[in-house]
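If you want the building blocks of each chain, they are given just below.
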Amino acid sequence: MYARQPLFLSILMGLCLCSGPRSGAQLAIREPAPAPVVETYSLRVENVLYGRVEISLDRGGHRILIGRVLRPAVQMTSEKAATLPGTVLHGQSEGVTFCAAKERVLKLMPASVGSKLVLPRKRAAPGPGPAAIITDIPRGKGLFAELLPPAGPAVRVIADTPREAAFAEDYTPALEDVFVFHVR
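What you see is a predicted model, and the numbers here were worked out from it, not measured in a lab.

> Quick question: what am I supposed to make of the overall build of the protein here?
Counting its secondary structure elements, the protein contains 3 helices and 10 strands. Ordered by position from N to C terminus, the α and β elements of the protein give α-α-β-β-β-β-β-β-β-α-β-β-β. Burial status across the protein gives 33% buried among its 184 residues. Taking the intrachain contacts of the protein between residues at least 6 apart in sequence as the baseline, contacts between residues at least 24 apart amount to 56%. Counting only carbon and sulfur atoms, one obtains 60% of the accessible surface of the protein, whose full area is about 11,900 Å².

> Got a minute to help me understand the side chain of Glu-54 in this structure?
Mapped onto the secondary structure, Glu-54 falls in strand β2 (residues 52-56). For Glu-54, the side chain forms a polar contact with the side chain of Arg-52, separated by 2.6 Å. Those residues within four positions of Glu-54 in sequence are excluded, and the remaining contacts are Ser-42, Leu-43, Arg-44, Arg-63, Ile-64, Leu-65 and Ile-66.

> Which parts of the structure should I look at to understand the nonpolar core?
For soluble globular proteins, the rule of thumb is that nonpolar side chains tend to be buried together. One finds Leu-106, Leu-108, Phe-179 and Phe-181 to be the most contacted residues of the largest nonpolar core, which totals 27 residues. Those elements that place two or more of their residues in this core are β1 (41-47), β2, β6 (95-101), β7 (104-109), β9 (154-158) and β10 (177-183). Considering every element that reaches this core, the biggest residue donor is β6, with 4 residues. Excluding residues that lie within four positions of it along the chain, Phe-179 makes contacts with Leu-43, Arg-44, Val-45, Asn-47, Phe-98, Leu-106, Ile-133, Arg-156, Val-157, Phe-167 and Tyr-171.

> Quick question: what am I supposed to make of the side chain of Ser-42 here?
Topologically, Ser-42 is positioned in strand β1. Here Ser-42 falls in the buried class, since its relative accessible area comes to 2%. Residues contacting Ser-42, with those up to four places away along its chain left out, are Glu-54, Ile-55, Ser-56, Gly-60, Arg-63, Phe-181 and His-182.

> Please clarify how unusual backbone geometry should be interpreted in this entry.
Across residues other than glycine, the phi torsion is negative in most instances, and most of the peptide bonds are trans. Phi is positive for Tyr-50, which is not a glycine, with a value near 60 degrees. Structurally, Tyr-50 can be placed in the loop between β1 and β2. One non-glycine residue, Glu-103, lies in the positive phi region at around 60 degrees. Summarising the element assignment, Glu-103 is placed in the loop between β6 and β7.

Analysis parameters
- Residues numbered from 1 in each chain as written.
- Predicted model: local features only at pLDDT ≥ 70, side-chain atom pairs only at ≥ 80, totals over all residues.
- Heavy atoms only, no water.
- Helix = DSSP H or I, 4+ residues; strand = E, 2+ residues; numbered from the N terminus.
- Buried < 20%, exposed > 50% of the residue type's maximum accessible area, 1.4 Å probe, protein only.
- Contact = heavy atoms within 4.5 Å.
- Areas by Shrake-Rupley, 256 points an atom, 1.4 Å probe, with all protein chains shown as cover.
- Polar contact = N/O pair within 3.5 Å; in protein donor to acceptor, adjacent residues only side chain to side chain.
- Core = buried A, V, L, I, M, F, W, Y, C linked by side-chain atoms within 4.5 Å.

What follows is the structure, encoded as structure tokens:
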């Protein structure tokens, strides 16, 4: 009985030494993989007169028409906060502002904000400039309420190719460009 005890202890010590500290590769295998980022919805906007404003809940498999473009954007406007092209800067009931180039933005706006307001005894308030895509979607409804994209989602453009691509450094909006917002 005493002869087996040193053998048992030596085996136990050997196992302890073999299962000592783990390498980085072993730790990476044993840690659970991060959960994949799930897309809540994607928004597709055609930059052309009467272009479609569509939403998809299944990564573009099926699209639902939620509005039309009343006036497409033809140029961009400058904004110092726009540092990361291809992202939404901010969204609110007055519209969604997204960065298309460094310090250059485009806006997606509801019809009520896009029309000029006539105030009593005052001049007409200026309407949005040519950097705004005006839609027929009412302010405070759908896209400009509960479906409003928060700051940060990726925005891609379909311009010369049939696929989505990142904005080029020298991008300028053109008729028939398509903007795709991926909200996660």
